[in-house]
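Residue-level structure breakdown
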Amino acid sequence: QVQLVESGGGLVQAGGSLRLSCAASGRTFSSYAMGWFRQAPGKGREFVAKITFNGVGTNYAGSVKGRFTISRDNAKNTVYLQMSSLKPEDTAVYYCAKYPTQFATFATPDSWGQGTQVTVSS
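Okay, so let's go over this structure. (Residues numbered from 1 in each chain as written. Predicted model: local features only at pLDDT ≥ 70, side-chain atom pairs only at ≥ 80, totals over all residues. Heavy atoms only, no water.)

Buried residues dominate strand β4 (residues 34-39), accounting for 5 of its 6 residues. Pairing of β4 with strand β5 (residues 45-51) involves 6 bridges; the strand directions are antiparallel. The partner of glycine 35 across the bridge, within β5, is lysine 50. The antiparallel hairpin formed by β4 and β5 contains 5 residues in its connecting segment, where glycine 42 sits at a positive phi of about 75°. Summarising the sheet, β4 and strand β9 (residues 92-98) pair through 6 bridges and their orientation is antiparallel. Residue phenylalanine 37 lies in a different strand from β9, and its bridge partner there is tyrosine 95. (Buried < 20%, exposed > 50% of the residue type's maximum accessible area, 1.4 Å probe, protein only. Helix = DSSP H or I, 4+ residues; strand = E, 2+ residues; numbered from the N terminus. Pairing = 2+ DSSP bridges.)

This is the structure:
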């Protein structure tokens, strides 16, 4: 079972930037698509972004497209989420997730990190 550990969350002013990291254990990281989700207070968990096993393909939620960038470094077993032009509505716990397939097409994650808090002040 892969373990995922997020870092990089914190408090930032609206318009600012943060970069989240997710370090994965195991030797099969490069075989699977990865994603980021978030959960705001009182709301359900929602999809933010995903990236294919080789980093070539990415997909974003409409609410973050153009502001967030997902990337990965397979040599470091790490996936990143660069967040720019942050808004107060981006405040949430952000979760890293592993998909059971290379491309995550019509797939749901099978492993989750513990989450990292991102708070955007107005």
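It is worth spelling out the packing of aromatic side chains at this point. Counted by the stated rule, this structure contains 3 aromatic pairs. When the ring of phenylalanine 37 is compared with that of phenylalanine 47, the centres are 5.7 Å apart and the planes differ by 75°; the resulting orientation is edge-to-face. Residue phenylalanine 37 is found in strand β4, and its partner phenylalanine 47 is found in strand β5; the two are separated by 10 residues along the sequence. Residue classification places phenylalanine 37 among the buried residues on the basis of a relative accessible area of 10%. (Phe/Tyr/Trp six-rings, centres within 6.5 Å; stacked < 30°, edge-to-face > 60°.)

Before going further, it helps to examine the environment of alanine 61. As for its position among the elements, alanine 61 is in the loop between β6 (58-60) and β7 (68-73). Exposure remark for alanine 61: the relative accessible area of 14% places this residue in the buried category. Residue contacts for alanine 61: discarding those within four places in its chain leaves Phe47 and Val48. (Contact = heavy atoms within 4.5 Å.)

Let us now look at the state of the cysteines. Applying the stated rule across the entire model yields 1 disulfide. Covalent S-S linkage joins cysteine 22 and cysteine 96, the inter-sulfur distance amounting to 2.1 Å. Classification of the bridge connecting cysteine 22 and cysteine 96 rests on its S-S torsion, roughly -80°, and on that basis the disulfide is left-handed. Taken together, the positions of cysteine 22 in strand β3 (residues 18-24) and cysteine 96 in strand β9 put the pair 74 residues apart, joining distant regions of the chain. Take cysteine 96: its relative accessible area is 0%, and that puts it in the buried class. (Disulfide = S-S within 2.5 Å.)

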